Structures are given as C-alpha cells and as structure tokens.
Amino acid sequence: MAGSGRRPEHRGPPELFYDEAEARKYTQNSRVVEIQSQMSERAVELLGLPEDRPCLLLDVGCGSGLSGDYISEEGHYWIGMDISPAMLDVAVEREVEGDLLLADVGHGIPFRPGTFDGCISISAVQWLCNADRKSHSPPKRLYRFFSTLYTALARGSRAVLQLYPENSEQLELITAQAMRAGFTGGMVVDYPNSAKAKKFFLCLFVGTSGMLPKGLGTERANEELHQAKFTNERTRFRNVKGKSVKKSRDWILEKKERRRRQGKEVRADTKYTGRKRRPHF
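Residues numbered from 1 in each chain as written. Predicted model: local features only at pLDDT ≥ 70, side-chain atom pairs only at ≥ 80, totals over all residues. Heavy atoms only, no water.

(A) Representation of unusual backbone geometry within the structure. Phi angles above zero are rare outside glycine, and Ser 123 is one such case at about 60°. As for its position among the elements, Ser 123 is in the loop between strand 4 (116-122) and helix 6 (138-152). For Tyr 191, which is not glycine, the phi dihedral falls at a positive 50°. Of note, Tyr 191 is situated in the loop between strand 6 (184-190) and strand 7 (199-205). By relative accessible area, which is 37% here, Tyr 191 ends up partly exposed. (Helix = DSSP H or I, 4+ residues; strand = E, 2+ residues; numbered from the N terminus. Buried < 20%, exposed > 50% of the residue type's maximum accessible area, 1.4 Å probe, protein only.)

(B) Summary view of the pattern of salt bridges. Within this structure, the stated rule accounts for six salt bridges. In this structure, Asp 117 and Arg 53 form a salt bridge, with 3.9 Å as the shortest nitrogen-oxygen distance. Linking Asp 117 in strand 4 with Arg 53 in the loop between helix 3 (30-47) and strand 1 (56-60), this pair joins segments that are 64 residues apart in sequence. Since its relative accessible area comes to 41%, Arg 53 is described here as partly exposed. Residues Asp 69 and Arg 94 are paired through a salt bridge, measuring 2.3 Å at the closest nitrogen-oxygen approach. Pair noted here: Asp 69 is in helix 4 (residues 66-73) and Arg 94 is in the loop between helix 5 (85-93) and strand 3 (99-102), with a separation of 25 residues, a long-range link. Bridged by salt links that share partners, the residues Arg 42, Glu 45 and Asp 190 form one connected network. (Salt bridge = Lys/Arg side-chain N within 4 Å of Asp/Glu carboxyl O.)

(C) Just the packing of aromatic side chains, in detail. As enumerated under the stated definition, the model contains four aromatic pairs in all. Ring centres of Phe 111 and Phe 116 lie 5.0 Å apart, and the angle between their planes is 85°; this geometry places the pair in the edge-to-face category. Residue Phe 116 is classed as buried on the basis of its relative accessible area, which comes to 0%. Judged by centre distance (6.1 Å) and plane angle (75°), the rings of Phe 146 and Phe 183 are edge-to-face. Placement of Phe 146 in helix 6 and of Phe 183 in the loop between helix 7 (168-180) and strand 6 is noted, with a sequence separation of 37 residues between them. The class of Phe 146 is buried, set by a relative accessible area of 0%. What makes Phe 183 buried here is its relative accessible area of 0%. Directly above the ring of Tyr 143 sits Arg 180, whose terminal nitrogen or CZ lies 3.9 Å from the centroid. (Phe/Tyr/Trp six-rings, centres within 6.5 Å; stacked < 30°, edge-to-face > 60°. Lys NZ or Arg CZ within 6 Å of the ring centre and 35° of its normal.)

(D) Region of interest: the pairing of strand 4. Counted residue by residue, strand 4 has six buried out of seven residues, so it is predominantly covered. With six bridges joining them, strand 4 and strand 5 (residues 153-163) adopt parallel strand pairing. Bridging across to strand 5, Ile 120 finds its partner in Val 160. (Pairing = 2+ DSSP bridges.)

(E) Fine view of the pairing of strand 7. Burial of strand 7 is extensive: seven of the seven residues sit out of reach of the surface. Both faces of strand 7 are covered, namely the face carrying Lys 199, Phe 201, Cys 203 and Phe 205 and the face carrying Phe 200, Leu 202 and Leu 204. As paired elements, strand 5 and strand 7 share six bridges and run antiparallel to each other. Within strand 7, the position partnered with Leu 163 by the bridge is Phe 200. Across seven bridges, strand 6 lies against strand 7 in antiparallel orientation. Across the sheet, Thr 184 pairs through a bridge with Phe 205, a residue of strand 7.

(F) Here's a closer look at a positive patch on the surface. On the surface, a cluster of positive charge is contributed by Lys 255, Arg 258, Arg 259 and Lys 264. Classification of Arg 259 as partly exposed rests on a relative accessible area of 36%. (Patch = residues over 30% accessible without salt bridge, like charges linked within 9 Å, V, L, I, M, F, W, Y side chains within 5 Å. Areas by Shrake-Rupley, 256 points an atom, 1.4 Å probe, with all protein chains shown as cover. Lys, Arg positive; Asp, Glu negative; His and termini not counted. Charge placed at Lys NZ, Arg CZ, Asp CG, Glu CD.)

(G) Structural detail: the nonpolar core. Core analysis: the biggest nonpolar cluster contains 33 residues, and Phe 145, Phe 146, Leu 149, Leu 161 and Phe 183 have the highest contact counts within it. Every element with two or more residues in this core is listed here: strand 1, strand 2 (77-82), strand 4, helix 6, strand 5, helix 7, strand 6 and strand 7. Those residues within four positions of Leu 149 in sequence are excluded, and the remaining contacts are Leu 58, Ile 109, Cys 119, Ala 159 and Phe 183. One finds Ile 35, Cys 62, Tyr 70 and Val 96 within the second-largest nonpolar core, a separate group that totals 25 residues. (Core = buried A, V, L, I, M, F, W, Y, C linked by side-chain atoms within 4.5 Å. Contact = heavy atoms within 4.5 Å.)

Quick look at the structure:
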C-alpha cells in the first residue's frame, strides 16, 4: 500500500508489486521524492493542525517513509502503516523518525480510540478498491478501514487522503464508505484544469463539519464545481462521479489525455484548448 508519488498501475497486490527492487527504485528516484514531498506538504496543510504544539499523525501507506520525512521536518510525530515489507525495510535502512507497522489497512486501524491528531495518506487508498483475493470485498474493506480510522482519530481532527481514482465508480465507492463510517467533509481538487497537475485530496472531518478548504489553481468563483461535499445525512454525493460537462475544457483535456495513453497523436494543449468560438453569421 506504499505511496509511490505517481499514478500506480495495478499489477497485483501491493505487497507483491512493491518488491525490494521497486521499493529501492522509487526511493532513489529524485522525481518521485519531489512529488511525494509536495503532496505530503499539501496533505499536512489541509489537516489544519494547531501551530502551538506537536501532533501525533498516522501515515497510511507510508512506504519507505518519504511522506514521514516531511512530517518530522514540521516537528510532528508519526506512525506509519504499510502492507509492503520491502518498503518498510527501506524505511528502516533510511532510519526514519516515525514508528512503523506492517499491516493491511483493509483489516482495520489497530489503535485505541482518539490516538491520533490527524491522518494523511499519499497514493494508497485506491488499492483497497481492488479485489486481489477471492475473500476480498472492496466495499467491506473500505468500510472497515474508514470506520476504524474514524475511531482512532481524536474528535475534531481530520484525515487527508490523496488518491488516484481509476474511474468515477471507484471515487463514488470510496466516498460512500467514508460517509457511511461517520465522516463528513469532501473532495478537494487541486489544479482541476490541468491534465498532469490535477490532484484529488479526500478531506475528512471527525465529529465536526468544518469548512472544506479551497483547491489550488481553481479559477472559477464557484468552488462547488471542483469540490464535492457530503454530510452524515442521507444526501447524494454531489459531483462525485467526476464527469466533466461535455465539450467543456476539462472534458476536452480528459479526452486528449486518454488518447495520449492509448498512444495516439494528439495536439498539444494551449490556452485556446476548449475555448468556445464565436458564432458566425
């Protein structure tokens, strides 16, 4: 469940995909380290931690401890959980300052109620949507994760989970189970108009319904277009399907990105991409 700092390609269970070779490759890749640090910084910022005291944080899918490094630099303490022994071995070799736990978060968060002042996760939660074994039920594993995470967090705290949803159905599944477990909050989307820089942060509140932070790079006045909110009430998760309005700039950029991944030639993105033409009379 290690956070690699890039969009993962699913090739089986994470504990097998992140073997010793992969673990070392990611940790030694300067680009991965840079991206991981940036996303960790953003996740901690979204936690809204008090400035007058150090906090104890949970790092879900801590991997080799790259996100934990930033937490330590900020003067906080942390405990990391990961399902990959190889990733944790690298973290031990790097002598990270946090405590490490080898565990599958799909089985739950094994800590006493109110242990943590906050939780971050980088590029890990989407792994719970995969049924790698016959006994795996993604909805049940997600609910087990979210319900025990809710208990392990102090009242009034937050969890910020950066993720790479493969599709709108996966995003809806994740958020629905978080809501069912008692969380409020919503999705904060940074740079929604960028095909490469766009990032999803599921910002969850424990025991309180706080103000959802604004996403970076949002140019429109109505932030509701880029932030989906939910509450404990039986309300539908607005905009959770993540589908852009047809023919909009986002829709065009997403379509072009899909064609690029298919190896097709696509025109470069410019400031004119998606711009509506004036009607001809």
